[in-house]
Amino acid sequence: MKSLNDAMLALLQQVSETAILPRFRNLESSEIADKGKNELVTIADKESEVMLAEGLEKLIPGLAIVGEEASETDPSVLDGLSQQCWIIDPIDGTGNFASGNPPFGILIALAEGGITQAGWIYDPLTQRYCTAHRGEGAFVNGERIISKTTGHIPPVAGISTLFMQDGLREQMQEHIAPHYTLVDIPRCAAEQYPRLALGTNDVTIFQRTLPWDHAAGALWLNETGGKVARNDGSDYRVDEWDRPGLIGAASPALWEELAARIVKLDQ
């Protein structure tokens, strides 16, 4: 897979240098639009997705391509998730990017039959390049990564309540939050997932589980020895993108501890 990883890195660097970084802190107001539901899109998102799609077609021709922005204008694009497909988040953390702040990144996944087979996470500012292929481990800039916890007691949690309904948000704050040291979330899955394996955070909770946000990161974290799964312990599938709830943790033990607390919320 080294040749694919090398070709992917070259594509991500090209797109970053051509379509993303020149517009960082250099966007006109007319180049930022509100998609609703706490979501922004910029001209850089749109242009980079087109470039990525063209580049991915050259890497492995003929696959379905499921891009975040393409699916926004044509929901039938999501039908590709049941096939062998590329999944693209051209700029994850667009809100940060549009505000002129890090973090933001590019997320690419290769899936088949609803299961992620490979994932790539690239930070254009730091050039951190996370790669994972199912069953082959996870890497950062070519170095194999084994997930590590923060070692803090209580564990460190970044809990995303942005897309939770008010009742669930209140339950999280009352019954989950007191068991953890809470930190701000980066509002960027391309940053959130690495934090769980690199000793920055211990656990996280996601309510919305769109494939471009989670396909690459979930595989990568699982391949480090951490754990990502649905609240009931089932695997994350890209073709179940409308199913809410996902827990990520730096270790299986931390995952089990948090999952047990969440289960009690439904009882």
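Let me sum up the structure you'll find in this document.

What counts, and where the lines are drawn
- Residues numbered from 1 in each chain as written.
- Predicted model: local features only at pLDDT ≥ 70, side-chain atom pairs only at ≥ 80, totals over all residues.
- Heavy atoms only, no water.
- Helix = DSSP H or I, 4+ residues; strand = E, 2+ residues; numbered from the N terminus.
- Rg over C-alpha atoms; globule rule 2.2 N^0.38 Å.
- Buried < 20%, exposed > 50% of the residue type's maximum accessible area, 1.4 Å probe, protein only.
- Contact = heavy atoms within 4.5 Å.
- Areas by Shrake-Rupley, 256 points an atom, 1.4 Å probe, with all protein chains shown as cover.
- Lys, Arg positive; Asp, Glu negative; His and termini not counted.
- Charge placed at Lys NZ, Arg CZ, Asp CG, Glu CD.
- Pairing = 2+ DSSP bridges.
- Axes fitted to C-alpha atoms, helices over the stretch in contact; angles between N-to-C directions.
- Core = buried A, V, L, I, M, F, W, Y, C linked by side-chain atoms within 4.5 Å.
- Parallel < 35°, antiparallel > 145°, perpendicular 65-115°, else oblique.
- Left-handed = near helix turned anticlockwise from the far one by under 90°.
- Nonpolar A, V, L, I, M, F, W, Y, C, P; charged D, E, K, R; others polar.

Quick notes on the overall build of the protein
Here is step 1: What the protein contains, in helices and strands, is 8 helices and 14 strands.
Here is step 2: Taking 2.2 N^0.38 as the reference for a compact globule, 267 residues should give roughly 18 Å; the C-alpha atoms of the protein span a radius of gyration of 18 Å, in line with that estimate.
Here is step 3: A principal-axis box enclosing the C-alpha atoms of the protein has dimensions of 45 × 40 × 35 Å.
Here is step 4: The proportion of buried residues among the 267 residues of the protein is 54%.
Here is step 5: Long-range contacts, defined here as pairs at least 24 residues apart, represent 63% of the contacts in the protein between residues at least 6 apart.
Here is step 6: Split by element, the accessible area of the protein, about 11900 Å² in all, is 48% carbon and sulfur.
Here is step 7: If you average the places of the 21 positive and of the 38 negative side-chain charges in the protein, the two averages end up 4 Å apart.

A short note on the sheet that holds strand β14 (residues 246–249)
Here is step 1: Pairing in this open sheet of 5 strands is mixed, and the strands run β11-β10-β12-β14-β13 from one edge to the other. At either end of the open sheet lies a strand with only one pairing partner, and these are β11 (181–182) and β13 (227–229).
Here is step 2: Sheet topology note: the strand β10 (residues 156–159)/β11 ladder contains 2 bridges and is parallel. Bridge assignment links valine 156 to a residue of β11, and that residue is threonine 181.
Here is step 3: In the packing of helix α6 (residues 189–197) onto the sheet, the strands contacted are β10, β12 (203–206), β13 and β14, and the crossing angle to β12 comes to about 150°.
Here is step 4: Across the sheet, helix α8 (residues 252–265) is in contact with β12, β13 and β14; its angle to β14 comes to roughly 145°.

Quick look at the nonpolar core
Here is step 1: In terms of nonpolar packing, the biggest core is built from 35 residues, with Ile87, Tyr193 and Trp220 touching the most fellow members.
Here is step 2: Ranked by residues supplied to this core, first place goes to helix α7 (residues 211–224) with 7 residues.
Here is step 3: With 25 residues, the next largest nonpolar core counts Leu27, Leu52, Ile106 and Leu110 among its residues.

Examining the packing of helix α1 (residues 2–20) against helix α2 (residues 43–59)
Here is step 1: Running from N to C, α1 and α2 point in directions that differ by 155°, and their axes come no closer than 10 Å. Comparing their axes, α2 and α1 come out roughly antiparallel. Note on packing geometry: the crossing formed by α1 with α2 is right-handed. Contact residues: α1 offers Leu4, Ala7, Met8, Leu11, Leu12, Gln14, Val15, Thr18, Ala19 and Ile20, while α2 offers Ala44, Glu47, Ser48, Met51, Leu52, Gly55, Leu56 and Leu59.
Here is step 2: When grouped by side-chain class, the residues that make up the contact of α1 with α2 number 13 nonpolar, 4 polar and 1 charged.

Thoughts on α6
Think of an α-helix as turning once every 3.6 residues; residues three or four places apart then point the same way.
Here is step 1: When you tally the buried positions in α6, you get 9 out of 9 residues, the bulk of the element.
Here is step 2: Phi turns positive, to about 85°, at glycine 199, one or two residues after α6.

Side note on the sheet that holds strand β8 (residues 138–140)
Backbone-to-backbone hydrogen bonds pair the strands of a sheet. The strands run either parallel or antiparallel.
Here is step 1: Pairing is mixed in the open sheet, where 7 strands are placed in the order β3-β4-β5-β6-β7-β8-β9. Taken across any chain shown, the strands that pair with only one partner, and hence form the sheet edges, are β3 (64–67) and β9 (143–144).
Here is step 2: Note: strand β4 (residues 85–92) against strand β5 (residues 105–112), 6 bridges, orientation antiparallel. Its bridge partner lying in β5, aspartate 89 is registered against leucine 107.
Here is step 3: This element, α6, spans β4, β5, β6 (115–122) and β7 (129–133) of the sheet and lies at about 80° to β5.

Some details on the packing of α6 against α7
Here is step 1: Running from N to C, α6 and α7 cross one another at 10°; their axes reach a closest spacing of 9 Å. Taken together, the axes of α6 and α7 are roughly parallel relative to one another. Contacts between α6 and α7 involve Ala189, Tyr193, Pro194, Leu196 and Ala197 from the former and Asp213, His214, Gly217, Ala218, Trp220, Leu221 and Thr224 from the latter.
Here is step 2: When grouped by side-chain class, the residues that make up the contact of α6 with α7 number 8 nonpolar, 3 polar and 1 charged.

Examining the pairing of β5
Consecutive side chains of a regular strand alternate in pointing toward one face of the sheet and then the other.
Here is step 1: Along β5, 7 of the 8 residues are buried, which leaves the element largely enclosed by surrounding structure.
Here is step 2: Both β5 and β6 contribute to a ladder of 7 bridges, which runs antiparallel. Paired with isoleucine 106 across the two strands is tyrosine 122, which belongs to β6.

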